[in-house]
Amino acid sequence: MQENLIKNMVRVGIVTSVDKPKRRVRVHFPDMNIVSDFLYVLKNPPFIPDIDVPQCTEEAEAHTHDIVIKPWLPSVNDKVLCLYIPCENGDGFVLGAI
């Protein structure tokens, strides 16, 4: 019983569509052959490049670019780890990529 509860709470799937403005995705779970409704991607800190290391976009040319740093959001076909709230028709969330 406990094993089934955990199995239904934690799922691995493949992203099938992305709603960037709302930070949510739909996920296909191959083991169950179902596609989720939209799941919110947990908010995470923006990716920051290595600190104290020169940042460059093109090594061949010496010029600079403004860097836009955004929080991570999965893309279509990314493999993701999802967590569902353990109640009937509970909402789920994307925790990250694997």
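Residues numbered from 1 in each chain as written. Predicted model: local features only at pLDDT ≥ 70, side-chain atom pairs only at ≥ 80, totals over all residues. Heavy atoms only, no water.

Caption draft 1: Broad picture of the pairing of strand E1 (residues 10-19). Of the pairings in the sheet, the one linking E1 to strand E5 (residues 79-84) comprises five bridges and is antiparallel in character. By the bridge assignment, Gly13 is partnered in E5 with Val80. Where E1 lies against strand E2 (residues 24-29), five bridges are found, and the strand directions are antiparallel. When the sheet's bridge partners are listed, Asp19 is paired in E2 with Arg24. Linkage of E1 to E2, two consecutive antiparallel strands, is achieved through a turn of four residues, within which Arg23 is found at a positive phi near 55°. (Pairing = 2+ DSSP bridges. Helix = DSSP H or I, 4+ residues; strand = E, 2+ residues; numbered from the N terminus.)

Caption draft 2: Up close: the packing of aromatic side chains. Applying the stated criterion to the full structure yields one aromatic pair. Aromatic pair Phe29 and Tyr84: ring centres 6.2 Å apart, planes at 65°, arrangement edge-to-face. Of this pair, Phe29 sits in strand E2 while Tyr84 is found in strand E5, placing the two residues 55 residues apart along the sequence. For Phe29, a relative accessible area of 0% puts it in the buried group. For Arg11, the ring lying beneath its charged end belongs to Phe29, and the centroid distance is 5.6 Å. Above the ring of Phe38, the side-chain terminus of Arg24 is found at 4.3 Å from the ring centroid. (Phe/Tyr/Trp six-rings, centres within 6.5 Å; stacked < 30°, edge-to-face > 60°. Buried < 20%, exposed > 50% of the residue type's maximum accessible area, 1.4 Å probe, protein only. Lys NZ or Arg CZ within 6 Å of the ring centre and 35° of its normal.)

By themselves, these are just geometric observations and shouldn't be taken as functional.
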